[in-house]
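Observations on chain architecture
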2 protein chains.
Amino acid sequence: MNKEKNAIIVGAGLVGSLWAIYLSKAGYKVTIYERRPDIRKAEISAGKSINLALSYRGWTALKGVGIEDEIKSIAIPMPGRIMHSEIGEQTFQPYGKAGEAIYSVSRGGINAKMMDLAENLGKATIHYNVQCTGADLNAGTIYLENLLTKEKFQDQADVVFACDGAFSAVRYTAMQKMDRFDYSQDYIDDGYRELLLPANEDGSYRMEKNALHIWPRGRFMLIALPNEDGSFTCTLFMPFKGEKSFESLNNDAAVEDFFKETFPDFYDLSPDLLHSWHSHPLSSLAIVRCYPWTMGKFALMGDAAHATVPFYGQGMNGGFEDCTIMAQLMEKHAEDWTKIFEEYQILRKPDGDALQDLSVQNYFVMRDFVADPMFLLQKKIEGRFSELYPNKWLPLYSQVSFSDTRYSDAWKAGLKQDAIMKKVMDRADIAQVWDSKEIEENILNLIDQE
Amino acid sequence: MNKEKNAIIVGAGLVGSLWAIYLSKAGYKVTIYERRPDIRKAEISAGKSINLALSYRGWTALKGVGIEDEIKSIAIPMPGRIMHSEIGEQTFQPYGKAGEAIYSVSRGGINAKMMDLAENLGKATIHYNVQCTGADLNAGTIYLENLLTKEKFQDQADVVFACDGAFSAVRYTAMQKMDRFDYSQDYIDDGYRELLLPANEDGSYRMEKNALHIWPRGRFMLIALPNEDGSFTCTLFMPFKGEKSFESLNNDAAVEDFFKETFPDFYDLSPDLLHSWHSHPLSSLAIVRCYPWTMGKFALMGDAAHATVPFYGQGMNGGFEDCTIMAQLMEKHAEDWTKIFEEYQILRKPDGDALQDLSVQNYFVMRDFVADPMFLLQKKIEGRFSELYPNKWLPLYSQVSFSDTRYSDAWKAGLKQDAIMKKVMDRADIAQVWDSKEIEENILNLIDQE
């Protein structure tokens, strides 16, 4: 008779809930400790909430435990982005090929569903309002405090997974105190504030439902993702300080004027902009890097290992992919956790780094380039070439969002593509000859030279 | 009647003790909380201890409160380094001009002396065995625990200075939890282990007293600094892992063989190498960066703000210079701490960064280049030119160690000098013409082109 295998997961967020299902299918008894109350019962948000965009890697991880249909039922496909110009003109840009889309999900909605699945399908026990206060990493012991009763206790398992987010308590209270643990938290200069664009009174959407809407304005931008109830979750990203900044929007008149001037069509659609403005906090954005990701019987997964800024829509997808990878390694190493953890961090750390590099780079793309005619022309050339030679050119966005190419490989391929396209776009007459045979040959030659 | 001004300092290390004297002279009642026991009474080390090299900035800060003579009495001048080759040949390289030297001090010795001065001259009250467990940054309140009695208490002051080292408790328990606090701890691949080379039986030195001894060997190196009792504190720096590494020196025979082969003259001088090897731990080295350095009524100083690796001998000197700068700003802003703190961090952060960049770069210089004939020739050319045109060329080492040029300016000047010398050294016949008028003119022209 086998001894029962026990696992502890810290954090009942998206990655923790999904990983509980994987572990349960592998025969583990799973206990989850979650710092917050049960979001399915309490009137609280599921943390920082920018709507999420599920894409290929996320779906792959969900399929791995057969729950993709459950999630698809609460996801809205967005086959492209709709760019809104200063005068309200809209331009649709597909994200990939026909049939490809990323999917809008609300963080609260998907988290609640994932918790249901972790409990029902994963047979996990979730303890809420329990905070991690420390750990004995080699022993697999975790020190805990019930935030309601103030009771302090501990638990122990064969393996422990810290899926407790960007400011992971396991990482902060245990790993960061260990010798030779590299760690960094870097805040970007920009913050964000959410706004809700409600449904029309008849429940219909005020803008095209099946798209990610974006108002790129150079140093700042507004985006909107559809919700199931007809509303859009909108997010304004801009610098904390400076001429046009959150600091400068310090009174209602300034906010009104700013929106009227900068996002006129959005302003006209919004029934109660100021109320929405005041009902959401100003939040910050950070990149958190660390290494090692595993110590003793503990491993970091998701944001706890590689928290990123949201500009490539890959935070959740990358965290879900951690589950795919860890599950593959469990199989490969027949549940020898020393080997699994060692390979997991060596294999996956470069992908975490690349995911973060991609996210930061895409911030500039979204903010600065999406409205730039030369950038749009470049994307048209890339798109045309990719259709003609699909084996020679998969656009970076597709590699990241519609494939499971390793993030680190996608990042390197993207740098090569950029170098090639820089040469192509340098031609003075590129706008005239962009769809010519000559340009095609030109790109083919440049690829061969790489 | 003026209200009494109160200040709290966390950490009775070198910077904390010195800063207490400065504050006391400015009329503050100073209370210091120190986590460790009183090193003057207990048989403990004063933390990680590589001997320290006091140089210009350190002396300037000591002079600022008139205690340079007290410290000079326990400091040994080192006007240059003595390089030991694989066959035991020694080469002396002066650090600066005639009369210039850096000074060897033992960390324990200088720390004990500084505590005496803080108490007697600075009228500071030092509480030992008291750990900081948190802080209310805006209130100037610090939460404390007596590690012997387990008593928890708090204290409050007009201003609080965290001089509590690379792994500052104030920074960790309070600042790192604040929104938008940037932080990183990066360990280098190399560790260090100390060795004591004792005095001869008659108390005399086994090597030249007045020098920093160095055995550069490419990927690793050994250094030795003189102590007052005739001994040398020696430090082996090398990678943790790899072919020649601490990992590979995993038994007594391997250690003996390694020293016999690699540092033969040192091996012959050492009466009990293995005992010394086993009586010191293997330690790691990290660069810690963060920002902001001030929050509310709290400021970070010294290692707590900008911990560095020891390869430029500037950790203590840079920390002492923080005191010089802070004291100047107190005067400039008439003790308006909001203004002082704001200018302190804006002014000083680039210098902390540069100090760290210089330290890392000098690791490569010490390890790789000090034994390279072309590097030595380059230094000779620079030295010659600097003597001829002292206003046009102050060697980087002198800018850092024998001047109070801002670290950030020294770093930039060093990059320019490197670019110039790279061009000069590119001449095939440089070894023949190095001291010619032509090379002189060549350098003058290159300086003008910058």
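Structure first, text after, so check above.
Let me sum up the structure you'll find in this document.

Parameters at a glance
Residues numbered from 1 in each chain as written. Chains lettered and ligands numbered in written order. Predicted model: local features only at pLDDT ≥ 70, side-chain atom pairs only at ≥ 80, totals over all residues. Heavy atoms only, no water. Pairing = 2+ DSSP bridges. Helix = DSSP H or I, 4+ residues; strand = E, 2+ residues; numbered from the N terminus. Axes fitted to C-alpha atoms, helices over the stretch in contact; angles between N-to-C directions. Contact = heavy atoms within 4.5 Å. Buried area = accessible area lost by both parts, 1.4 Å probe. Salt bridge = Lys/Arg side-chain N within 4 Å of Asp/Glu carboxyl O. Polar contact = N/O pair within 3.5 Å; in protein donor to acceptor, adjacent residues only side chain to side chain. Nonpolar A, V, L, I, M, F, W, Y, C, P; charged D, E, K, R; others polar. Buried < 20%, exposed > 50% of the residue type's maximum accessible area, 1.4 Å probe, protein only. Least-squares fit on C-alpha atoms with pLDDT ≥ 70 in both. Parallel < 35°, antiparallel > 145°, perpendicular 65-115°, else oblique. Left-handed = near helix turned anticlockwise from the far one by under 90°. Disulfide = S-S within 2.5 Å.

The next thing to look at is the sheet that holds strand β9 (residues 130-136) of chain B. Residue and element names in this part refer to chain B. Taken in spatial order, the three strands make up an open sheet running β9-β10-β11, and their pairing is antiparallel. Strands at the two margins of the open sheet, each flanked by one partner only, are β9 and β11 (152-156). Each strand of the sheet is rotated relative to its neighbour by a mean of 30 degrees, with strand direction disregarded. Strand direction decides the pairing type here: strand β10 (residues 141-146) and β11, joined by five bridges, are antiparallel. When the bridges of β11 are listed, tyrosine 143 appears paired with glutamine 154.

Another aspect to go through is the interface of chain A and chain B. With 18 residues of chain A at the contact, the number on the chain B side is 18 residues. When the two sides are added together, the surface that chain A and chain B hide from each other amounts to roughly 1600 Å², 39% of it contributed by carbon and sulfur. Counting across the interface, chain A meets chain B through zero salt bridges. Between chain A and chain B we count ten residue pairs in polar contact (both at pLDDT 80 or more) in total. Elements that contribute at least two residues to the side of chain A that touches chain B include exactly α5 (169-173) and β13 (182-197) of chain A. It is β13 of chain A that provides the largest number of residues to the side of chain A that touches chain B, a total of eight residues. Looking at the side of chain A that touches chain B, its residues break down into seven nonpolar, five polar and six charged.

All names here are of chain A. Here tyrosine 291 and proline 292 are connected by a cis peptide whose omega angle stands at 0 degrees. For proline 292, the position within the fold is in the loop between β17 (282-291) and β18 (294-295). Here the phi dihedral of lysine 150 falls at roughly 65 degrees; this positive angle occurs in a residue that is not glycine. Residue placement: lysine 150 occurs in the loop between β10 (141-146) and β11 (152-156).

All right, on to the pattern of salt bridges then. Enumeration according to the criterion identifies 51 salt bridges over all chains in this entry. When the shortest N-O distance is used, the salt bridge between lysine 113 of chain A and glutamate 70 of chain A registers 3.6 Å. Linking lysine 113 of chain A in helix α4 (residues 107-120) with glutamate 70 of chain A in helix α3 (residues 68-72), this pair joins segments that are 43 residues apart in sequence. Here lysine 113 of chain A falls in the partly exposed class, since its relative accessible area comes to 22%. Ionic pairing is found between lysine 332 of chain B and glutamate 343 of chain B, a salt bridge with its closest N-O pair at 2.9 Å. Highlighted residues: lysine 332 of chain B in helix α10 (residues 315-332) and glutamate 343 of chain B in helix α11 (residues 337-369), separated in sequence by eleven residues. On the basis of relative accessibility, which here comes to 22%, the residue glutamate 343 of chain B falls in the partly exposed class. What emerges from the salt-bridge pattern is a single network uniting Arg57, Glu321, Asp322, Arg348, Asp351 and Arg406 of chain A.

As a further point, take the relation of the copies chain A and chain B. Mapping chain A onto chain B calls for a rotation angle of 180 degrees and an axial translation of 0.0 Å; the resulting RMSD is 0.0 Å. With respect to symmetry, the two chain copies, as superposed, fit the operation of a two-fold axis. It is serine 184 of chain A whose C-alpha, among those of chain A, lies nearest the rotation axis, at 2.0 Å. Most of the interface of chain A is mirrored in chain B, where 100% of its interface residues are also at the interface.

This paragraph deals with the pairing of β13 of chain A. Consecutive side chains of a regular strand alternate in pointing toward one face of the sheet and then the other. Counted residue by residue, β13 of chain A has twelve buried out of 16 residues, so it is predominantly covered. Relative to β17 of chain A, β13 of chain A is paired through nine bridges, and the arrangement is antiparallel. Bridge assignment links tyrosine 192 of chain A to a residue of β17 of chain A, and that residue is serine 283 of chain A. Relative to strand β13 (residues 182-197) of chain B, β13 of chain A is paired through three bridges, and the arrangement is antiparallel. Across the sheet, the residue bridging to serine 184 of chain A is serine 184 of chain B, located in β13 of chain B. With eight bridges connecting them, β13 of chain A and strand β16 (residues 232-239) of chain A associate as antiparallel partners. By the bridge assignment for β16 of chain A, leucine 196 of chain A is matched with threonine 233 of chain A.

Below, the discussion takes up the packing of α10 of chain B against α11 of chain B. Residues and elements named next belong to chain B. At a minimum axis separation of 10 Å, α10 and α11 run at an interaxial angle of 150 degrees. By the angle between their directions, the pair α10 and α11 is classed as roughly antiparallel. Handedness of the crossing formed by α10 with α11: right-handed. Every residue of α11 that contacts α10 at Gly318, Glu321, Asp322, Ile325, Met326, Leu329, Met330 and Lys332 is listed here: Trp337, Ile340, Phe341, Glu343, Tyr344, Leu347, Arg348 and Leu355. Considering only residue class, the contact of α10 with α11 consists of ten nonpolar, one polar and five charged.

Moving on to the environment of aspartate 351 of chain A. Residue and element names in this part refer to chain A. With respect to the helices and strands, the residue aspartate 351 is situated in helix α11 (residues 337-369). In this structure, the C-alpha to C-alpha distance between aspartate 351 and tyrosine 407, residues 56 residues apart in sequence, is 4.9 Å. Non-local contacts of aspartate 351, meaning those with residues more than four positions away in its chain, are made with Arg406, Tyr407 and Ser408.

We now examine the state of the cysteines. Residue and element names in this part refer to chain B. As enumerated under the stated definition, the model contains zero disulfides over all chains in all. Cysteine 163 supplies the cysteine sulfur nearest to cysteine 132, a cysteine that is in no disulfide, at a spacing of 12 Å. Take cysteine 132: its relative accessible area is 5%, and that puts it in the buried class.

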